Amino acid sequence: MENELEKKYGLPTAICMVVGIVIGSGVFFKAEAVLKATGGNMPMGILAWLVVGIIMIVCSYVFATMATRYSKVNGLVDYAEATVGSRYAYNIGWFMATLYTPCLVSVLAWVSARYLCVLLGWDITGGSCMTIACFFLCVDFVMNSLSPRVAGRFQVSTTVIKMIPLVLMAVIGTIAGLVNGRMAQNFATVSAAGGTASGGGLMASVVAVAFAYEGWILATSINAELKDAKRNLPRALVLGSFIVVATYILYYIGLNGAVTTQDLMASGEAGAKMAFQHLFGNAAGTGVFVLIVISCLGTLNGLTLSNCRAFYAMAARGEGPNPKMFAQVDPVTNMPTNSSLASLAFSALWLLYFYGANLGGGWFGSFCFDSSELPIITLYAMYIPMFLQFIRKEKDLGAFKRFMMPILGLCGCVFMVYAALVAHGPEVAHYLIVFAVFMIVGNLLYRGPARN
């Protein structure tokens, strides 16, 4: 009994985990990247947000259908095991535990520190920012490991808080842009930096937007701790996805109504702060920006909440390194503490890599890649065999659930892979070498499914 996680989360927490993991950093962090990639072309930027949003909704619907049929310890790993097999499920679990989730957590720790430094007027690439990032990383793991209920409440509260600046910008920014004519100006203006609607600009935007939308699948990691999971998890995935897509597109439109695209691109990391101050004044704008920092911390918390359970999800199946140790659940906190510590170590490793590769002057030479984007595209590629096998196996489902939505999901996943190849080029090859090394090590540790 001591190795079982209790049912402690309800539907509101699950929805807030979907919304809270996704919304809160990427929408601020990547909006400027989309503007630069498209050369300030607002219609193309909106198209990028819409395309990836539709792919997210379609994929979440397919996984929601899987959630009604498969339920065990960790949603995504369960679905991979049921559709493709135990070895493939282990590989996804290992990838999630050692590469995908730690990469996102490390980037989110830096993004949270980044916006705090912007608020304080400090350098976002220096030692002070990285020290704050390490502090945020450690504190969030401690909170999730020692008091998961507090972490759950923090997730719900920060989800509500983070909607405030987004809704304000979506509504007030749009109204202001329509009244003063800035919206029409931004729709009509395309800067010389990006030209017109070039395919490369759209592909780069799509890959950048993928980070802003990513994380929703991690809500399935609390499958074993969710009350009435087969009913509540599908609801959370689909409803949460729609909320995210609508919020992002409306925020992006409002942002372009607040200031000109040229000013946003010129302001860099301070663009969001400038837009809020332009709409609400310096004092009020700064106050709203404080909410942005809190929302980033909420996203970090949601990712950490999932990350703490990554090694446990493998160990519960008797797989991975030292399953007996990582399957242990603390009798007081009801948390897999050993799993949390291992996840913290990998997150710290990837935070060091992110700094060295992207902020510290290219420590790793040709092996410098954007760890905030390429692991996400890899996961989309890993969905492809799952969707194909789901179509093949689930013969009792109707045509819409068995064929139409999974096929649309397949098309979306292939498109994301293509977009990454166009946007990142040679960088992808070096990333794949690193990915291959991680997966080879993981397979050397593979023990096969546990047998009773």
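The sections below set out a description of the structure shown in this document. This structure is a prediction, so every number in the text was calculated from the model and none was measured.

1. Concerning the overall build of the protein chain
Along the protein chain, the regular secondary structure elements total 20 helices and 0 strands. Going through the 452 residues of the protein chain one by one, you find that 59% of them count as buried. Within the protein chain, contacts between residues separated by at least 24 positions form 82% of all contacts whose residues are at least 6 apart in sequence. Carbon and sulfur atoms form 68% of the exposed surface of the protein chain, whose accessible area is close to 16,100 Å².

2. What about the layout of surface pockets?
Computed from the structure, the second largest pocket encloses a volume of approximately 170 Å³. L374, I377, T378, A381, V417, A420, L421, V428, Y431, L432 and F435 are the residues that line the second largest pocket. For the lining of the second largest pocket, the residue count by class is 10 nonpolar, 1 polar and no charged.

3. Here we look at unusual backbone geometry
Phi at N322 takes a positive value of approximately 45°, unusual for a residue other than glycine. Relative to the helices and strands, N322 resides in the loop between helix 15 (310-315) and helix 16 (323-326). Judged by its relative accessible area of 38%, N322 is partly exposed.

4. Considerations on helix 7 (residues 127-146)
For helix 7, with 20 residues, the first-to-last C-alpha span of 28 Å sits near the 28 Å given by 1.5 Å per residue. Where helix 7 is concerned, the buried positions are C129, M130, I132, A133, F136, L137, D140, F141, N144 and S145.

5. Things to note about a nonpolar patch on the surface
A contiguous nonpolar surface patch, about 690 Å² in accessible area, is contributed by L352, W363, F364, F367, I433, V437, V441 and L445. Along the polypeptide, F364 turns up in the loop between helix 17 (337-359) and helix 18 (374-393). Residue classification places F364 among the partly exposed residues on the basis of a relative accessible area of 33%.

6. Quick word on the environment of V118
As for its placement among the helices and strands, V118 is situated in helix 6 (residues 86-120). Here the alpha-carbon distance between V118 and C129, two residues 11 residues apart in the chain, equals 9.7 Å.

7. A word on the pattern of salt bridges
The tally for this structure, following the rule as stated, stands at 2 salt bridges. As a salt-bridge pair, D78 and R317 come within 2.1 Å of each other at their nearest N and O atoms. Here R317 lies in the loop between helix 15 and helix 16 and D78 lies in helix 5 (residues 75-83), a separation of 239 residues in the sequence. Side by side, D78 and R317 carry an identical accessibility label, which is buried. One network of salt bridges, in which partners are shared, links D78, E81 and R317.

8. Observations regarding the packing of helix 6 against helix 14 (residues 282-307)
For the pair helix 6 and helix 14, the least separation of the axes is 9 Å and the interaxial angle reads 165°. Taken together, the axis directions place helix 6 and helix 14 in an arrangement best described as roughly antiparallel. For the pair helix 6 and helix 14, the sense of crossing is left-handed. Here the residues of the contact of helix 6 with helix 14 are counted per class, giving 18 nonpolar, 6 polar and no charged.

9. Here we look at the packing of helix 6 against helix 18
Contact geometry for helix 6 and helix 18: axes closest at 10 Å, N-to-C directions at 160°. Between helix 6 and helix 18, the angle is such that the two are roughly antiparallel. As for the relative orientation of helix 6 and helix 18, their crossing is left-handed in sense. Each of Y88, N91, I92, F95, M96, L99, Y100, C103 and L104 in helix 6 lies in contact with helix 18, whose residues at this interface are P375, I376, T378, L379, M382, P385 and M386.

10. A closer look at the side chain of S340
Its place among the elements puts S340 in helix 17. A relative accessible area of 1% places S340 in the buried class. Apart from residues no more than four positions distant in its own chain, S340 is found in contact with F141, S145, C308 and M335.

11. Details of the state of the cysteines
Across all of its chains, the model carries 0 disulfides by this definition. C59 takes part in no disulfide bond, and the closest cysteine sulfur to it belongs to C413, at a distance of 4.2 Å.

How each quantity is defined
- Residues numbered from 1 in each chain as written.
- Predicted model: local features only at pLDDT ≥ 70, side-chain atom pairs only at ≥ 80, totals over all residues.
- Heavy atoms only, no water.
- Helix = DSSP H or I, 4+ residues; strand = E, 2+ residues; numbered from the N terminus.
- Buried < 20%, exposed > 50% of the residue type's maximum accessible area, 1.4 Å probe, protein only.
- Contact = heavy atoms within 4.5 Å.
- Areas by Shrake-Rupley, 256 points an atom, 1.4 Å probe, with all protein chains shown as cover.
- 1 Å grid on protein atoms, 1.4 Å probe; cavity = no way out; pocket = protein on both sides within 12 Å on 5 of 7 lines; lining within 4 Å.
- Points joined across faces, edges and corners; volume = space filled by probe spheres on them.
- Nonpolar A, V, L, I, M, F, W, Y, C, P; charged D, E, K, R; others polar.
- Expected span 1.5 Å × (residues − 1).
- Patch = residues over 30% accessible without salt bridge, like charges linked within 9 Å, V, L, I, M, F, W, Y side chains within 5 Å.
- Salt bridge = Lys/Arg side-chain N within 4 Å of Asp/Glu carboxyl O.
- Axes fitted to C-alpha atoms, helices over the stretch in contact; angles between N-to-C directions.
- Parallel < 35°, antiparallel > 145°, perpendicular 65-115°, else oblique.
- Left-handed = near helix turned anticlockwise from the far one by under 90°.
- Disulfide = S-S within 2.5 Å.

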